[in-house]
Amino acid sequence: MTREGPVKCVVWDIDNTLLTGTYLESGDQPPGADPALTAVLAELGERGILHALASKNPPEAAEHTARVTGWRFAAAECGWGSKSGALARIAAALGIAVDALAFVDDDPYERAEVGLALPGVLVLSPEDAAEAAGWPEFSPPVITPEARRRGEMYAERRRRQAAERSFGGTREEFLASAGTQVGIAAATAADVPRLEELAVRTRQFNSAAGLPGPAMSQDWFRGLLSAPDRDVVTVRLRDAFGDDGVVGGCVIARDAGTWTVPLLMMSCRAMGRGVIDALLAWLIRHAARAGARRLLIPCVANSRNVPLRLGPGPGPLSAGPGAAAARAAAPGERTGRAGRRRRVNPPGRADVASVSDDLRAFLASATGRDELLRIPPGTALFGTEVGLDSLTGTLLLREIQRRFGVDVAGEDLNLDSLATLGTLAAFVAQRARPEGHP
């Protein structure tokens, strides 16, 4: 019932779970909130864990549940489709990995359906959830101010996304209009708890995720602060919609001619906002001014940090400061990935099954493996069964953009949340334009 890795969001059923009865069968007096599970909502929320709803009910049921529990849910999926599909859409909307979700439902059938379709999700009964606050998956080692504000930050994120959708210019122009500010500075002792939290929680934008070696604990970071040949850097982000606080950081090992960055990490909340590019540009300038001839950022290759490896360039960064500068740009500079991204036209609809078939056909053709024509929706694209590498992943994203008009890499989301065939197909189908549409 338990698993490795922290839970970032709990997705709750409504009927006979968060509510003490069935919403549609209650007449003029909808059921009240379950007091034990309402207390769990509050306890986990204080730890920075998000909450969402997935229910076979009309949207009014979600509004009622929010009122009686007193909780502002980060996302809500109400309808009569599969619960696994609802969870996939919630993960994509929040920009987190599907296997960072927990799912609570009183119905054994619904729990079994989600467990089969999304095996990485932690599936719980309401009785399990009442005790889960004491489990390690729900007990982060450190709780920072950023963690306590996480729900508020996701609300700010929704407002930012809505404003960008109505904005008529480019991504770079929108970031400038929103007053995006990226602050890069030497870390202090007060930053150490947040640095440990980032090291534990970040996976997609973490160059050392899964690397054997010393645990990246608070003691480890404190030791680096006083090391004569090491620098520890924090990255802060804010704009007109809110202050995200410390969203990233890195460790720099300084040698006479070569600087190495053994750890670079960034929160997924910073994705699509020019922050990675700003940090890379800063590193390049900082190394060049100190006389370094080479800047290395080794990156552990695993299924989690594909977005980091695809973003700045294929494989580990290894270049002279002058050569690498063309790949990164700070806010306001003309070069950089964010400035090259195009806006996606208003979404249309496509059939998820046909999109899945198209993706299977492409994967089979690109890899020469006909067995990929028959993979189920829950298959992990970067797992052992498909084994998608960086090059094929890049080609897949280009094919999606060509065929469906969906620029997945340019979206403000966490690409790890689209790591299975089914979640990627559902995301593309929701946003697809008719083929050939301008």
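See above for the structure.
Participant: I would appreciate a short explanation of the overall build of the protein in the present structure.
Facilitator: Helices and strands together make up the secondary structure of the protein, namely 18 helices and 11 strands. The contacts of the protein with a sequence gap of at least 6 include a subset with a gap of at least 24, amounting to 67%.

Participant: Which parts of the structure should I look at to understand the packing of helix 4 (residues 83-94) against helix 5 (residues 108-117)?
Facilitator: The packing of two helices is summarised by the inter-axis angle and the distance between the axes. Two elements in contact, helix 4 and helix 5, have axes whose closest approach is 8 Å; the angle formed by their N-to-C orientations is 55°. One element, helix 4, and the other, helix 5, form an angle in the oblique class. Between helix 4 and helix 5, the contacting residues are Lys83, Ser84 and Leu87 on the first element and Glu110, Glu113, Val114 and Ala117 on the second. Split by residue class, the contact of helix 4 with helix 5 holds three nonpolar, one polar and three charged.

Participant: Help me out: how do you make sense of the nonpolar core in this one?
Facilitator: Where a protein is soluble and globular, its nonpolar side chains tend to be buried together. One finds Val10, Trp12, Leu18, Leu44, Leu53, Leu124 and Phe138 to be the most contacted residues of the largest nonpolar core, which totals 25 residues. For this core, the elements supplying multiple residues, two or more each, are strand 1 (9-12), helix 1 (14-18), helix 2 (35-46), helix 3 (59-69), strand 4 (101-104) and strand 5 (122-124). When residues in this core are grouped by element, the largest group, four residues, is from helix 2. Leaving out residues up to four positions away in the same chain, leucine 53 has contacts with Val11, Trp12, Ile14, Leu18, Ala62, Thr65, Phe73, Ala75, Ala76, Glu77 and Ile90.

Participant: Looking at this model, I keep getting lost on the sheet that holds strand 3 (residues 75-78). Mind explaining?
Facilitator: Within a beta sheet, neighbouring strands are joined by backbone hydrogen bonds and run either parallel or antiparallel to one another. Taken together, five strands build an open sheet; the order of strands is 3-2-1-4-5 and the sheet is parallel. Lying at the two open borders of the sheet, with one neighbouring strand each, are strand 3 and strand 5. On average, each strand axis in the sheet is inclined to that of its neighbour by 20°, with strand direction left out of account. Contacting strand 4 and strand 5, helix 5 crosses the sheet at an angle of about 175° to strand 5.

Participant: Mind showing me how you'd approach helix 8 (residues 150-165) here?
Facilitator: One turn of an α-helix holds 3.6 residues; hence residues three or four places apart share an orientation. Taking 1.5 Å of rise per residue, 16 residues should cover 22 Å, and helix 8 covers 23 Å from first to last C-alpha, within 8% of that figure. What helix 8 keeps buried is the set Arg150, Met153, Tyr154, Ala155, Glu156, Arg157, Arg160, Gln161 and Glu164.

Participant: Any chance you could explain the packing of helix 10 (residues 192-201) against helix 11 (residues 218-225) here in plain terms?
Facilitator: Contact geometry of helix 10 with helix 11 gives a least axis separation of 9 Å together with a crossing angle of 120°. Accordingly, the angle class assigned to the pair helix 10 and helix 11 is oblique. When the axes of helix 10 and helix 11 are compared, the crossing they make is right-handed. Between helix 10 and helix 11, the residues in contact are Val192, Pro193, Leu195, Glu196 and Ala199 and Gln218, Phe221, Arg222 and Leu225, respectively. Classifying every residue of the contact of helix 10 with helix 11 gives six nonpolar, one polar and two charged.

Participant: When you look at the pattern of salt bridges in this model, what are you seeing that I'm missing?
Facilitator: When the charged atoms of two side chains lie near each other, side chains of opposite charge can form a pair. Tallying each qualifying case throughout the model produces 23 salt bridges. The salt bridge partner of lysine 83 is aspartate 105, with a shortest N-O separation of 2.6 Å. Of this pair, lysine 83 sits in helix 4 while aspartate 105 sits in the loop between strand 4 and helix 5, placing them 22 residues apart in sequence. Residue classification places lysine 83 among the buried positions, given a relative accessible area of 4%. Classification of aspartate 105 by relative accessible area gives buried; the value is 1%. By sharing partners, the salt bridges in this structure join Arg160, Asp239, Asp244 and Arg273 into a single network.

Parameters and conventions
- Residues numbered from 1 in each chain as written.
- Predicted model: local features only at pLDDT ≥ 70, side-chain atom pairs only at ≥ 80, totals over all residues.
- Heavy atoms only, no water.
- Helix = DSSP H or I, 4+ residues; strand = E, 2+ residues; numbered from the N terminus.
- Contact = heavy atoms within 4.5 Å.
- Axes fitted to C-alpha atoms, helices over the stretch in contact; angles between N-to-C directions.
- Parallel < 35°, antiparallel > 145°, perpendicular 65-115°, else oblique.
- Nonpolar A, V, L, I, M, F, W, Y, C, P; charged D, E, K, R; others polar.
- Core = buried A, V, L, I, M, F, W, Y, C linked by side-chain atoms within 4.5 Å.
- Buried < 20%, exposed > 50% of the residue type's maximum accessible area, 1.4 Å probe, protein only.
- Pairing = 2+ DSSP bridges.
- Expected span 1.5 Å × (residues − 1).
- Left-handed = near helix turned anticlockwise from the far one by under 90°.
- Salt bridge = Lys/Arg side-chain N within 4 Å of Asp/Glu carboxyl O.

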